[in-house]
Amino acid sequence: MLEKEYYPQQIEKKWCEVWDKTNPYKVESNSSKENFYALSMLPYPSGKLHMGHVRNYTITDVIARFKSAKGFNVLHPMGWDSFGMPAENAAIQHGANPETWTLENISYMKSQLKKLGLSVDWDREVTTCLPDYYKWTQWLFLQLYKKGLAYKKTAPVNWCEKCSTVLANEQVIEGKCWRCDSEVTKKNLSQWFFKITQYSEELLKDLEKLKGWGDNVKTMQKNWIGKSQGAILKFKVKEIPDMEIPVYTTRPDTAFGITYLVVAPEYPDIEKLTSPEQKKAVEEYRENAKKLSEIERLSTQRIKTGVPLGYHFINPFTGRECPIWVADYALVDYGTGAVMAVPYHDERDFDFAKKYNLPMIQVIDGEGFVEGKCYAEHGTLVNSGQFDGLDFENAKKQITDFAVKNGFGEFKTQYRLRDWLISRQRYWGAPIPIVYCPHCGEVALEEKDLPVLLPKDVDFSVVGKSPLETSESFRYTTCPKCGAKATRDMDTMDTFVCSSWYYLRYVDAKNDKECFNRDLINRWMPVNQYVGGIEHAILHLLYSRFFIKALRDCKLLDFDEPFENLLTQGMVLKDGSKMSKSKGNTVDPDDIYKNYGADTARLFILSDSPPARDFDWTDAGVEGCYKFLCRVYRLFSKYQDKINLNYNYDIKNLDKKHENLVREVHIAIKNVTRDIENEFQFNTVISRYRELTNSIYEYIKDENTINYDVLSFALLTLLKLMSPVCVFMAEEIYSALGAKQSIHKEKWCEYDENLAKSSSITLIVQINGKIKDKIEAPQDLANKELEELAKNSAKVKEAIQDKTIVKTIVVPNKLVNIVVR
RNA sequence: GCCCUGGUGGUGGAAUCGGUAGACACGUCGGACUUAAAAUCCGAUGAGGCUAAUAACUUCGUGCCAGUUCAAGUCUGGCCCAGGGCACCA
């Protein structure tokens, strides 16, 4: 029996308990159905669920349920990205252990997720900070290591003082740390890298394959990879006969206009290139450059500075002798670390040359050229000897060819992408499975030695270094090769390493023999639908793509891309700005559950805005959704004794009123199905629920004329259409109506194309494109008949009078446009 | 500076293939029920003109300016604005 009114709290509590016991969404891999893998970006267990989570997981859940009803074998897993700084910070602040803090958060958030009613197979839950997971993170590190894709090198790296750890390039946002927003400096350290640059071209090229990804994400990745095509040109140093300085340029066509050359302050050979007279000035300049923060250094507003090295080079094209300078507008880690300067045709060189009074030579002419102003456009070559008159493309090619032939140049493709720095000087991460032996050097552990467990004897109160460094038990071990006393690598891996492969583990989560079974992976992957925030457009999504390509080359799997379709959901806003604790405009999901129930939360978060757009949370909106659910519930409550699960009617014997409702139901099925399949337009899906509900209310206005078979059809269809969104209410009602199985196991509704339209149409009659009349007409009249109908309209006759009809356009079932003069 | 995304009533948004602009809501206003309130139900609601009228009629209206078309929110060209990404990348 259904209550008279809707009490979501009781209903949801009851079904939560039932589902908790039975795990009804357990998925088997050996199903005869077609597989569908629906995935949400796994949460970081920060303490409590926020509305962004609710939006993300509701979207994925509705997709998973819809696909399941459509007959797919759906994998919809959930897990925890549970290594990382906040746990360590909490440990430092509250004296708790990061593991305790993390596991408590997971436990609480898991209960919140269950209250949300997700169709998750909890048997496949993955927790990245537990040894049964990070053992395999370490194992994958070893596979990359064996393939030469993991290597250690000393290089200037991004350093965050506050987090006292290094950061990957992708984690530096406008010169600041992605986590704590403090300024990042450069430090020279020996660190582990993944060779993502080996895949630059493939990562770029394969973006084209990702038809199910938005252009915004693809362009962001494209820009980040930053391919450019140009040339390396080498310049002989006049004072040192055997020495050459190579530069990278995309403008070889301007080679005749070079008047000086710039090297970065960190340029390796800079001391050799400095004359004794300039030694002091150059050293001073380099010292100063070191002190600048990344932000200051990278500011485009800053006035450029530099110092001449005292030595010179010869421009092989002109034979001219020009000075070499050091200036911090040259970057050591892009191209060759040295730049050829063509002041007349490059803004930066122009500014620099103006300031230091260096000569300029015009070598390009074209539209808009003004004497004495920088001209950076492509154009026609002048003052360039045999190359005069060539356009950009030809000049670029012929000048580079010339350099190749004469042994001082080559064609070169350059990428901006850098290798992925994965070492972190922190405790709460997966230890790097490498030891250092006095005899054997750097030694990788064997698979049987995994996992390298995180130690417990750690002092979290240390400042300025990794807490892991304080563990003596961890530091000392024996060399797996020779058995001598050895020390471990004291760094842990970037958490993004853990999250680059978690979706593979879901497929085979309980496997303790291997990381994952190759056959299973090939059957489930790639993920059919991935849902998550746009903030991972570069970081996580690029790293995951790299991982799949690397693991493919390690012969561990047989596909090229991890995520077939990607839905990047918008942010959840309140009062026009992003929900955040500091702004005090957050909404606690627990409060919504308590006051309205999870179904209302799910319904509301999908209504109003399409998933990709930002969503504005309003209290009135929640209230409105709750009222709508009450309205639906009352319908079922009122007619629960009259609803027939095995309804039966013959459309041919129905009066107009009943036929119309049947048609409305078919239209609703058609529209809801199409809106879900077409870009997951849940906001309009919910509008359809309301439309159908309104139609049903209209239908029951006259109690005496209700056909209960028709009403049953309408109500039960509405219930099934709503079931992916309002999971608790749908289940409660369906079960109270006496159904033997869960509504979530029922097939999706089918519709009849002939019934999924109204019995008549409204014919629009226009004269010269302006509406003059609307006429009710039967479906599917011939064009001639429609035209006849239109011309017989009194309003049309009135409007035409003595004017001449030039042309008549008829759109079947829609409109007639009469063109008159 | 370069790239991406978007711009529709008071608000969120809808409009599927170029064919009724504003679906469905929120808000507001009015009505029914009630001693009253809440809840619920019913109705109105783009702007302006004409009008006694909430009737009929009519003009304007999807960021701006042009264009294509019988017909443009939708297509083409040029701009403006907002949000996001990248940026001394040679």
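Asker: Hey, could you go over unusual backbone geometry for me, with residue numbers and the actual values?
Answerer: A cis amide bond links L450 to the next residue, P451, at an omega of 0°. When you line up the elements, P451 lands in the loop between β22 (441-444) and α12 (472-475). The peptide bond linking M525 to P526 adopts the cis configuration, its omega dihedral lying at -5°. Examined against the element boundaries, P526 turns out to sit in the loop between α15 (518-524) and β26 (529-533). Of note in this structure, D181 is not a glycine but carries a positive phi near 70°. The phi angle at D608 is positive, at roughly 70°, despite the residue not being glycine. Positionally, D608 belongs in the loop between α18 (598-606) and β30 (615-617). On the basis of relative accessibility, which here comes to 60%, the residue D608 falls in the exposed class.

Asker: Mind laying out the protein's contact with RNA strand B, listing which residues take part and the relevant values?
Answerer: Near RNA strand B, the surroundings consist of 54 residues, among which K304, R348, R416, R674 and N817 are the closest. Within the backbone of T250, an N or O atom sits 2.6 Å from a sugar or linking oxygen of RNA strand B. One nitrogen or oxygen atom from the side chain of K304 is found 2.3 Å from a base oxygen belonging to RNA strand B.

Asker: Any details on the pattern of salt bridges? Residues and values, ideally.
Answerer: Throughout the structure, instances matching the rule amount to 51 salt bridges. Note that E283 is salt-bridged to K279, the shortest N-O span being 3.8 Å. Here E283 pairs with K279, and both are found in helix α8 (residues 279-291), just four residues apart, close to one helical turn. Here K279 falls in the partly exposed class, since its relative accessible area comes to 49%. Each member of the salt-bridge network shares a partner with another, and the members are E202, D206, K209, R545, K549, R552, D553, D560 and E561.

Asker: Describe in detail the pairing of strand β21 (residues 434-437), supporting the description with residues and values.
Answerer: When β21 meets β22, the two strands line up antiparallel, connected through four bridges. Paired with I434 across the two strands is A444, which belongs to β22. The hairpin formed by β21 and β22 contains three residues between the paired strands. One ladder, built from two bridges, connects β21 with strand β24 (residues 485-488); its direction is antiparallel.

Asker: Any chance you could break down the pairing of β24 for me, citing the residues and the numbers?
Answerer: Pairing of strand β23 (residues 476-478) with β24 involves three bridges; the strand directions are antiparallel. Within β24, the position partnered with T478 by the bridge is K485. Counting the residues in the hairpin turn of β23 and β24 gives six residues, including G483, whose phi is positive at 80°.

Asker: Any details on the side chain of N511? Residues and values, ideally.
Answerer: On the secondary structure map, N511 appears in the loop between α14 (502-507) and α15. By relative accessible area, N511 is classed as buried at 13%. There is a polar contact of 2.8 Å between the side chain of N511 and the side chain of D508. If we ignore the near neighbours within four places in the chain, the residues touching N511 are W136, R505, F516 and N517.

Asker: Let's hear about the packing of aromatic side chains: which residues, and what values?
Answerer: Within a pair of aromatic rings, the relevant descriptors are the distance that separates the centres and the angle that separates the planes. The full count for this structure, using the stated rule, is 55 aromatic pairs. Where F141 meets W192, the ring centres are 5.3 Å apart and the plane angle is 75°; that geometry is what we call edge-to-face. Of this pair, F141 sits in helix α5 (residues 131-146) while W192 sits in strand β9 (residues 184-194); the two residues are 51 residues apart in sequence, bridging distant segments of the chain. Exposure remark for W192: the relative accessible area of 0% places this residue in the buried category. Considering the side-chain rings of W325 and F352, the 5.4 Å spacing of their centres and the 85° angle between planes classify their relative orientation as edge-to-face. Taken together, the residues W325 in strand β14 (residues 321-327) and F352 in helix α10 (residues 347-356) connect sequence positions 27 residues apart. Judged by its relative accessible area of 0%, F352 is buried. These aromatic residues form a ring-pair network of at least three members: F141, Y145, W178, W192, F194, Y199, W420, F496, Y543, F546 and F547. A cation over an aromatic ring shows up here: K304 above the ring of Y329, its NZ or CZ 5.7 Å from the ring centre. Residue placement shows K657 over the ring face of Y699; its charged tip is 4.7 Å from the ring centre.

Here is what the cut-offs are and how they apply
Residues numbered from 1 in each chain as written. Chains lettered and ligands numbered in written order. Predicted model: local features only at pLDDT ≥ 70, side-chain atom pairs only at ≥ 80, totals over all residues. Heavy atoms only, no water. Helix = DSSP H or I, 4+ residues; strand = E, 2+ residues; numbered from the N terminus. Buried < 20%, exposed > 50% of the residue type's maximum accessible area, 1.4 Å probe, protein only. Near = heavy atom within 4 Å. Polar contact = N/O pair within 3.5 Å; in protein donor to acceptor, adjacent residues only side chain to side chain. Salt bridge = Lys/Arg side-chain N within 4 Å of Asp/Glu carboxyl O. Pairing = 2+ DSSP bridges. Contact = heavy atoms within 4.5 Å. Phe/Tyr/Trp six-rings, centres within 6.5 Å; stacked < 30°, edge-to-face > 60°. Lys NZ or Arg CZ within 6 Å of the ring centre and 35° of its normal.

Keep in mind that these numbers describe shape and distance, not what the molecule does.
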